[in-house]
Amino acid sequence: MAVNTTPEAPLPVGEVSRLIGGWIDRLGAVWVEGQITQLSRRPGAGVVFLTLRDPSYDISVGVTCYRQVFDAVADVVSEGARVVVLAKPEWYAPRGQLSLRAAEIRPVGVGELLARLEQLKKALTREGLFAPERKKPLPFLPQLVGLVCGRASAAERDVLENARHRWPAVRFEVRNVAVQGVHAVPQVVQAVKELDALDDVDVIIVARGGGSVEDLLPFSDEQLIRTVAQCRTPVVSAIGHEPDNPLLDHVADLRASTPTDAAKKVVPDVGEEYERVRLLRDRARRCVAALVDREERGLAHALARPSIQDPHRMIDVRADQVADLLDRARRCLRHQLDRADSELSHTHARVVALSPAATLKRGYAVLQRADGHAVRDPGEVTGGEALRARVSEGEFSVRVDT
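## Observations regarding a negative patch on the surface
Piece 1. On the surface, Asp310, Asp316, Asp320, Asp324 and Asp327 cluster together into a negatively charged patch.
Piece 2. Assignment of secondary structure puts Asp320 in helix H11 (residues 311–354).

Structure (structure tokens):
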């Protein structure tokens, strides 16, 4: 419960310590899992002191137990071992220190560890952290490779030597960390985050040599798995040997069976690439040569055609045809003109023969009244009426004599 205090009425340190102790006492006994990092068994002492650490979160707590409690598991438990402890939290008021009083200690066996890993694997699989579509492709030629490995380890040597043998220009950004024990997880996680934050790093390799199931447990830690899943840089897992299969292999974008295999998969071989370039260059030359030969044959075939060898031949042949057609057209036009001229002459002769002027030339005359109308019937005129007589050479006036 919260305690009401004010600057004018503060609680003494002893009272605060007592209250904390009371709250902790109400927690009761709990089962706690962790890894033993320090173990103190003084000869003749009735109490054993050890430190229990959570490798995922870098948190430790002191544990005390009676010698007979620890002696029950002393043959199978040592520093670095994972254990499950039934303990009651205790508060040591004089120093303000929290510790656990263990009533029972149980070692975590390999079978149980594997079962827990399998449960964690299924849970992370359901979340989709191992889904193939999350995998990022590796760059063809990384300029800077991030490497997380143990200091002066065989894994570091294998990766560096094989990668530089394959591609001498490749550069590495190395982070040396603890690869087993209680400090492995936080250090590996921190190294991966640092390398992922560097824009120049194209791919990250997490490498470690072989070991027992317990030695490789840090690379199946949930915190590390989630860190790798959130990386924007492709991550390659190179843990142990071919049979080893930590959970890091499933979340990584590429799994390498060994550190040497990781170097081969991340960095291309300069000799192989040179040979590939040579083969492609030869293939390109053959393709260009075949294209040129095909075009030369096509050009030769085109030049062998009669229209190319004697280009005026077609024009000459067409010219003769044009001349014949022109003569034929002229003849047809002349015939049409002659026939039209003849028809015109005949028509003209008929028109002349039938014209009033020709009739007048034969001695006829046309009588017209004053209004210009021709007289066709004697009954149309009266005695003494003046008329106009039109003859071939002119006209004159006449008067009707009744």
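After presenting the structure, the write-up continues.
## Overview of the sheet that holds strand E1 (residues 30–40)
Piece 1. With mixed pairing, five strands are arranged side by side around a closed barrel as E1-E2-E3-E5-E4. When the angles between neighbouring strand axes are averaged without regard to direction, this sheet yields 55 degrees.
Piece 2. Of the strand pairs in this sheet, strand E3 (residues 59–66) and strand E5 (residues 97–107) are connected by four bridges, and their pairing is parallel. Bridging across to E5, Cys65 finds its partner in Ala102.
Piece 3. Here helix H1 (residues 13–25) sits on the sheet in contact with strand E4 (82–92) and E5, set at roughly 140 degrees to E4.

## Some thoughts on the pairing of strand E2 (residues 47–54)
Piece 1. Bridge count between E1 and E2: five bridges; the pairing is antiparallel. Of the residues in E2, the one forming a bridge with Ser40 is Phe49.
Piece 2. In this antiparallel pair of consecutive strands, E1 and E2, the connection spans six residues, and Gly44 shows a positive phi of 85 degrees.
Piece 3. In this structure, E2 lies alongside E3, joined through eight bridges in antiparallel fashion. When the bridges of E3 are listed, Leu50 appears paired with Val63.

## What to know about the side chain of Glu156
Piece 1. The topology assignment puts Glu156 in helix H4 (residues 154–166).
Piece 2. The charged side chain of Glu156 is buried without a salt bridge, its nearest counter-charge being Arg151 at 7.3 Å.
Piece 3. Setting aside chain neighbours within four positions, we find Glu156 in contact with Leu147, Cys149, Gly150, Arg151, Val174 and Asn176.

## Some words on the layout of surface pockets
Piece 1. Reported here for the second largest pocket is a volume of approximately 280 Å³.
Piece 2. Lining the second largest pocket are 15 residues, with Leu114, Leu117, Ser220, Asn245 and Pro246 positioned closest to its centre.
Piece 3. When residues in the lining of the second largest pocket are grouped by element, the largest group, four residues, is from helix H3 (residues 110–127).

## Observations concerning the packing of aromatic side chains
Piece 1. Within this structure, the stated rule accounts for zero aromatic pairs.
Piece 2. In this structure, Arg101 packs its charged tip against the face of Tyr66, placed 5.2 Å from the ring centre.

The rules behind each value
- Residues numbered from 1 in each chain as written.
- Predicted model: local features only at pLDDT ≥ 70, side-chain atom pairs only at ≥ 80, totals over all residues.
- Heavy atoms only, no water.
- Patch = residues over 30% accessible without salt bridge, like charges linked within 9 Å, V, L, I, M, F, W, Y side chains within 5 Å.
- Areas by Shrake-Rupley, 256 points an atom, 1.4 Å probe, with all protein chains shown as cover.
- Salt bridge = Lys/Arg side-chain N within 4 Å of Asp/Glu carboxyl O.
- Lys, Arg positive; Asp, Glu negative; His and termini not counted.
- Charge placed at Lys NZ, Arg CZ, Asp CG, Glu CD.
- Helix = DSSP H or I, 4+ residues; strand = E, 2+ residues; numbered from the N terminus.
- Pairing = 2+ DSSP bridges.
- Axes fitted to C-alpha atoms, helices over the stretch in contact; angles between N-to-C directions.
- Contact = heavy atoms within 4.5 Å.
- Buried < 20%, exposed > 50% of the residue type's maximum accessible area, 1.4 Å probe, protein only.
- 1 Å grid on protein atoms, 1.4 Å probe; cavity = no way out; pocket = protein on both sides within 12 Å on 5 of 7 lines; lining within 4 Å.
- Points joined across faces, edges and corners; volume = space filled by probe spheres on them.
- Phe/Tyr/Trp six-rings, centres within 6.5 Å; stacked < 30°, edge-to-face > 60°.
- Lys NZ or Arg CZ within 6 Å of the ring centre and 35° of its normal.

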